[in-house]
Amino acid sequence: MSGGLLEKAKQVSGDSDEDVGAAADDVITKTLDPVPSSPPFGLSDSSARTFGFGLFGMSLLAILALPYMDWFPFFGWVVLAMLVASGYMTSIYVKFGMNSGTAVRPTQWSAIVVGWLVLSSGVWMIGMETDSGGILLTDGQVNEDDNTVTLMLRHSTGSLFGGAWEGGNVDVSVTQDDVETWSGTINVMMNQEDMIGPYGMVTLQINDFYAASAIQVDGFTSEGLVNTVQHPYTVHVTLEGETASQVLPTLELTRDVDDVDEEAWGQVGDNNCEAGYTTCVEYVEIRGWAGMGVEGADEDTTPVRVRGDYTLDMSFGLSGDDSSIDQKPITVSGTEASWAAGDCAAGTMDIAVDTSAFMFKCNSQYQFSPDIALSDSSGEREYGCYALTLTATQEGQIVATSTSYYMFEQDSSSSEGNTYYSETFESTESC
């Protein structure tokens with residue numbers, strides 16, 4: 001045989017050596033060139049580049065945040081999945097963003113693997129070196145109904161592939177202004193679970209750790225308003241050498257009453273007046289405030305609201321006499337107030353929800369009729385100086401009291417032989 005394949009091709013075609021050689025080289029080149037592939041998931045080239053780079057960037061951010069998320073149970077498997085996904089997404093970006101759809105070359109795979117190891121090494125080292133694990137304390141809530149505080153406790157062993165703590169005793173302490181107000185041991189059951197993982201509840205009795213209001217009054221602001229300063233309580237939970245802390249809400253733990261204010265107001269008009277009266281007192285409203293105040297500013301400020309347990313006593317009647325209104329003591333617990341029947345029916349109301357102000361109610365109305373407030377036992381109106389006194393009692397001790405005075409008077413005038421009467425109700429300094 002002579003000439004080989006090229007020679008035979010030349011003999012058959014009649015072409016020259018140069019033409020046949022060029023054609024053969026072209027066939028060989030096309031055969032050896034890589035054939036570009038299509039992006040996965042039905043994406044276009046540009047979409048694949050964006051998709052691959054974006055997911056790689058997200059994976060990188062998640063990897064960098066992993067050391068701070070060791071309280072998630074079995075999060076190591078999530079770590080591994082994210083690292084593998086990040087490597088795959090990097091290869092997609094290289095293939096369609098750098099190689100125009102051709103396969104990733106061995107040298108490029110080597111670079112991806114090296115980068116993967118560099119990025120992940122810190123995560124594995126931190127995860128493996130944290131022997132004692134981590135705990136997380138969140139959601140400190142005050143339950144006014146049963147006078148308790150509850151917090152959520154989560155735990156991780158510290159190993160990326162470890163299991164969570166199944167429950168047991170934890171050491172708990174409570175501080176206010178860095179001073180310990182209570183400490184003890186609480187048994188926690190990890191018997192609840194949500195999307196994050198298992199958790200247990202730490203429950204504290206407020207009466208055990210409460211020492212002083214978490215919001216306190218400290219003088220005045222530059223605008224002349226009462227200045228309030230927060231002194232929050234902080235709960236510390238220690239487990240296996242690790243301690244987690246959580247600051248508790250302040251308003252719900254502001255419970256000391258030391259100031260009350262009161263005010264009476266009479267509506268004067270011509271409705272439902274007796275014969276011969278041009279105007280009369282139609283009804284009396286009585287308003288009160290209870291909470292924390294500042295000494296020396298009682299006339300210019302109102303108390304700051306509190307959420308404690310206390311009792312309010314109201315007396316309204318001619319100065320020196322017994323109260324003309326039989327108002328039973330108002331018992332307050334948190335924001336709920338209630339009282340028994342007296343001259344008015346028993347009732348309930350909210351108090352200290354938005355402000356420290358409230359109004360006394362009589363038969364579901366925020367007013368007292370003159371027959372109750374301004375009359376004697378026989379129903380006859382009594383003119384003179386009335387005293388309104390409001391007293392707050394907490395834990396069996398009177399903690400605040402205040403009195404104000406009001407003149408209820410009758411005026412008369414004559415016209416064409418007829419006498420006409422009118423009534424006034426105004427505040428006064430004293431009786």
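Sequence order as written defines residue numbering, which begins from 1 separately in each chain. Thresholds applied to this predicted model are a pLDDT of at least 70 for local features of residues and 80 or more for the giving and counting of side-chain atom pairs; totals over whole chains, interfaces and linings are not thresholded and use all residues. Each side-chain value is worked out from all heavy atoms of the structure, with water and hydrogens disregarded.

Let us now look at the overall build of the chain. Along its length, the chain carries 7 helices and 20 strands. Burial classes follow relative accessibility: with a 1.4 Å probe on protein chains only, a residue under 20% of its type's maximum area counts as buried, one over 50% as exposed, and anything between as partly exposed. A total of 431 residues make up the chain; the buried ones form 38% of that total. Any two residues whose heavy atoms approach within 4.5 Å at even a single point are treated as in contact. When contacts within the chain are restricted to residue pairs at least 6 apart in sequence, those whose partners lie at least 24 apart make up 58%. Total accessible area on the chain is roughly 23,500 Å²; 51% of this is exposed by carbon and sulfur atoms. Strands are runs of DSSP state E lasting at least two residues, helices are runs of H or I lasting at least four, and both sets are numbered from the N terminus onward. Surface accessibility follows the Shrake-Rupley procedure with a 1.4 Å probe radius. Residue values consider only the protein chains on display as shielding.

Our next topic: the state of the cysteines. Only a pair of cysteine sulfur atoms within 2.5 Å counts as a disulfide in this structure description. Here the structure, examined in full by the defined rule, presents 3 disulfides. Disulfide pairing is shown between cysteine 273 and cysteine 280; the S-S distance is 2.1 Å. Taking the torsion about the sulfur-sulfur bond, which here is approximately -90°, the covalent link between cysteine 273 and cysteine 280 counts as left-handed. According to the relative accessible area criterion, cysteine 280 is buried, its value standing at 2%.

With that out of the way, let us pick up the sheet that holds strand 11 (residues 259-269). Taken together, 3 strands build an open sheet; the order of strands is 11-12-17 and the sheet is antiparallel. Bordering the open sheet on either side are strand 11 and strand 17 (357-359), each of which pairs with just one other strand. With strand direction ignored, the average angle separating the axes of adjacent strands in the sheet is 25°. A strand pair is defined by DSSP finding two or more bridges across the two strands. Axis definition: a line fitted to C-alpha atoms, limited for helices to the stretch in contact. Angles are taken between N-to-C directions and run from 0 to 180 degrees.

If you trace the 7 strands from one edge of the open sheet to the other, you get 16-15-14-13-18-19-20, paired in antiparallel fashion. In this open sheet, the two strands that pair with only one neighbour each are strand 16 (347-350) and strand 20 (418-428). Direction aside, the axes of adjacent strands within the sheet are offset by 20° on average. Sheet analysis places strand 19 (residues 397-415) next to strand 20, joined by 11 bridges and oriented antiparallel. Of the residues in strand 20, the one forming a bridge with serine 412 is tyrosine 421.

This part is about empty space enclosed by the protein. Lining residues are those with an atom within 4 Å of a point, where the points come from a 1 Å grid over the protein atoms alone and group into cavities, where a 1.4 Å probe fits but cannot get out, or pockets, open sets with protein on both sides within 12 Å along at least five of seven lines. Grid points are joined across faces, edges and corners, and a volume is the space filled by probe spheres set on the points. Under the defined criterion, the tally for this structure stands at 1 cavity of 30 Å³ or more. Estimated volume of the largest cavity: approximately 40 Å³. Lining the largest cavity are Asp326, Gln327, Lys328, Trp339, Ala340, Gly342, Asp343, Cys344 and Ala345.

Note: most peptide bonds trans; most residues except glycine with negative phi. Residues other than glycine seldom take positive phi values, yet aspartate 177 does so here, at roughly 55°. On the secondary structure map, aspartate 177 appears in the loop between strand 3 (167-176) and strand 4 (179-189). Exposure remark for aspartate 177: the relative accessible area of 45% places this residue in the partly exposed category. The residue alanine 352 is not glycine, and still its phi comes out positive at about 60°. Residue position: alanine 352 is located in the loop between strand 16 and strand 17.

So, about the side chain of serine 375. Locating serine 375 in the fold gives a position in the loop between helix 7 (370-373) and strand 18 (384-394). Owing to a relative accessible area of 4%, serine 375 belongs among the buried residues under this scheme. Of the polar contacts made by the side chain of serine 375, one reaches the backbone oxygen of proline 370; its length is 2.9 Å. If near-sequence neighbours (up to four positions away) are discounted, serine 375 is found in contact with Ser324, Pro370, Glu380, Arg381, Glu382 and Tyr386. Polar contact is the term for a pair of N or O atoms within 3.5 Å; when the atoms are in protein, one must be able to donate a hydrogen and the other to accept it, and sequence-neighboring residues count only if both atoms are side-chain atoms.

How two aromatic rings sit relative to each other is given by the distance of their centres and the angle of their planes. When the centres of two rings from Phe, Tyr and Trp lie within 6.5 Å, Trp using its six-membered ring, the rings pair. Their planes under 30 degrees apart give stacked, over 60 give edge-to-face, and anything left gives tilted. Enumeration according to the criterion identifies 9 aromatic pairs in this entry. The interplanar angle of 20° and the centroid separation of 5.2 Å between the aromatic rings of phenylalanine 316 and tyrosine 386 together place this pair among those described as stacked. Highlighted residues: phenylalanine 316 in strand 13 (residues 309-318) and tyrosine 386 in strand 18, separated in sequence by 70 residues. With respect to burial, phenylalanine 316 and tyrosine 386 carry one shared label: buried. One aromatic cluster is present, formed by Phe316, Tyr383, Tyr386 and Phe408 through successive ring pairs.

On average, the chain scores 79 in pLDDT, and the residues at 70 or more come to 71%. A residue's pLDDT is simply how confident the predictor is in it, with values from 0 to 100. In this model residues 127-132 is a low-confidence stretch, pLDDT under 50, and it forms 13 contacts with partners more than four residues away in sequence or in other chains.

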